[in-house]
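If you want the building blocks of each chain, they are given just below.
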Amino acid sequence: MTPSMNRRHFVTLGTASLAALSIGAAPIKKPGSRKPVVIASGREQTVQIAMDMVLKGHDPMDAAIAGVAIVEADPNDHSVGLGGTPNEEGVVELDACVMHGPTHGGAGVAGLRNIVHPAAVARCILQRTRHVLMVGDNALKFAREHGFPEQDLLTEQTRNAWIAWKESKLRGARIPESVAALDPVVRDLVDRPTHGTIHCSALDTHGNLGAVTTTSGLGYKVPGRVGDSPILGAGLWLDNSVGSCGSVGLGEVNLLNCASFLVVENLRRGLKPKDALVATT
Ligand code: GLY
């Protein structure tokens, strides 16, 4: 184990996650000869998993989805999936989207409740419908129909943090000392609500791209608030012959710029990756 890694890097997926991830995964191809590349925000294990898969010949979008799934399934990561920070009513609402380079297909899901792997649901929307975006209760119904298991995404930590946030911020409870007495992780979730997001882009050994962005969105958001993560062009964009870009951070800012699309267009114009990013600001 390298010094920068700890136990959290070695979460493994349970059978329910593995079953959910197999829904719609493409058959493995013979690996090609091109040099693969994988990038991700968040966790080194995401890159390791996705890289391992593209080297074995998995589809790059499937590799990226499996890479972020390890974080979606981790109850101790409060930015995505299980254990994600809830909305102001204590309900976890997830957003995600995926894009597939060879077919230039993409889809997103927004405000999805009770499903640990929203990115895999987005892939299912891409493959099993003619639609590009599904939301809320009907997205959940769709996921259920396609075999995704349901579970409560709120954990003891996130429930405690949400109750403390609600009591101190909304109700003006006279309990600053009780917030101070909380477990440090829970206290941090009260004081600094997350808008963390995981993006992963993978280039496979045939030169094909796949990408995913997944999030629980802005902590304690107004129910129904949707950020940039499920919106193609904002949460991510790719062009198989040009490149790929994904976004993390406060979604409202990006929704007003569609920066992922813009970055890929800047790459097409010949800008270097850093300049392509800077040119969007
Ligand atoms: N970038 C994630 C969000 O704002 O919801």
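Computed from a prediction, not measured in an experiment: that's the story for all the values here.

What counts and how
- Once a new chain begins, its residue numbering starts again from 1 and follows that chain's sequence as written.
- Where totals are concerned, whole chains, interfaces and linings use all residues; where local detail is concerned, this predicted model gives features only for residues with pLDDT of at least 70, and gives and counts side-chain atom pairs only at 80 or more.
- The side-chain figures draw on all heavy atoms in the structure; neither hydrogens nor water molecules are used.
- Accessibility here uses a 1.4 Å probe with only protein chains present; expressed as a share of the type maximum, an area under 20% marks a residue as buried, one over 50% as exposed, and anything in between as partly exposed.
- A run of H or I in DSSP becomes a helix once it reaches four residues, and a run of E becomes a strand once it reaches two; helices and strands are each numbered from the N terminus.
- A pair of strands is considered paired only if DSSP assigns at least 2 bridges between the two.
- Lines fitted to the C-alpha atoms define the axes, with helices restricted to the stretch that makes contact. Angles between their N-to-C directions range from 0 to 180 degrees.
- Contacts between residues were defined by any pair of non-hydrogen atoms, one from each residue, lying within 4.5 Å.
- Think of it this way: one heavy atom of a residue within 4 Å of a molecule or strand is enough to make that residue near it.
- Distance and chemistry together define a polar contact, namely a pair of N or O atoms within 3.5 Å, with one atom able to donate a hydrogen and the other to accept it when in protein, and with adjacent residues in sequence counting only for side-chain atoms on both sides.
- By the convention adopted, Pro, Cys, Tyr, Trp, Phe, Met, Ile, Leu, Val and Ala count as nonpolar, Lys, Arg, Asp and Glu as charged, and the other residues, Gly among them, as polar.
- When the centres of two rings from Phe, Tyr and Trp lie within 6.5 Å, Trp using its six-membered ring, the rings pair. Their planes under 30 degrees apart give stacked, over 60 give edge-to-face, and anything left gives tilted.
- Looking at any residue, its pLDDT shows the predictor's confidence there, from 0 to 100.

**With respect to the pairing of strand β5 (residues 197–203)**
Among the seven residues that make up β5, six are buried, leaving the element largely enclosed by the rest of the structure. Where strand β1 (residues 37–40) meets β5, four bridges bridge the pair, whose relative direction is antiparallel. Note that in β5 the partner of V38 across the bridge is A202. Bridging between β5 and strand β6 (residues 209–215) involves seven bridges; their strand directions are antiparallel.

**Some details on the sheet that holds strand β3 (residues 105–112)**
Reading across the sheet, the six strands line up as β1-β5-β6-β2-β3-β4 and stay open at both edges, with mixed pairing between neighbours. Every interior strand has two partners, whereas the edge strands, β1 and β4 (133–135), have only one. Pairwise comparison of adjacent strand axes, ignoring direction, gives a mean angle of 5 degrees for this sheet. Against the sheet, helix α3 (residues 60–72) contacts β2 (94–100), β5 and β6, and its axis sits at roughly 25 degrees relative to β6.

**Here's the deal with the site of the ligand**
As a matter of local geometry, the ligand sits amid T197, T215, G217, L218, R225, G227, D228, S229, G249, L250 and G251. In this structure, T197 approaches the ligand through a side-chain N or O atom, which is 3.1 Å from a nitrogen atom. Separating an oxygen atom of the ligand from a side-chain N or O atom of R225 is a distance of 2.7 Å. Each residue belonging to the shell around the ligand can be placed in one class, and the counts come to two nonpolar, seven polar and two charged.

**What about the packing of aromatic side chains?**
This model, assessed by the stated rule, comprises two aromatic pairs. On the basis of an interplanar angle of 15 degrees and a centroid distance of 4.5 Å, the ring pair of W165 and Y220 is categorised as stacked. Of the two residues, W165 sits in helix α6 (residues 156–170) while Y220 sits in the loop between β6 and β7 (236–239), which places them 55 residues apart along the sequence. Relative accessible area serves as the criterion here: at 10%, W165 is assigned to the buried category. A residue is classified by how much of its surface remains accessible, and Y220, at 6% relative accessible area, is buried. Each ring, one from W237 and one from F261, has its centre 5.3 Å from the other, and the planes form 70 degrees; the classification is edge-to-face. Of the two residues, W237 is situated in strand β7 and F261 in helix α10 (residues 259–268); the sequence distance between them amounts to 24 residues. Judged by its relative accessible area of 16%, W237 is buried. The class of F261 is partly exposed, set by a relative accessible area of 36%.

**Re the confidence of the model for the protein chain**
On average, residues of the protein chain score 90 in pLDDT, and 90% of them are at 70 or above. This model gives residues 1–9 a pLDDT under 50, and the stretch forms 15 contacts once residues within four places in sequence are excluded.

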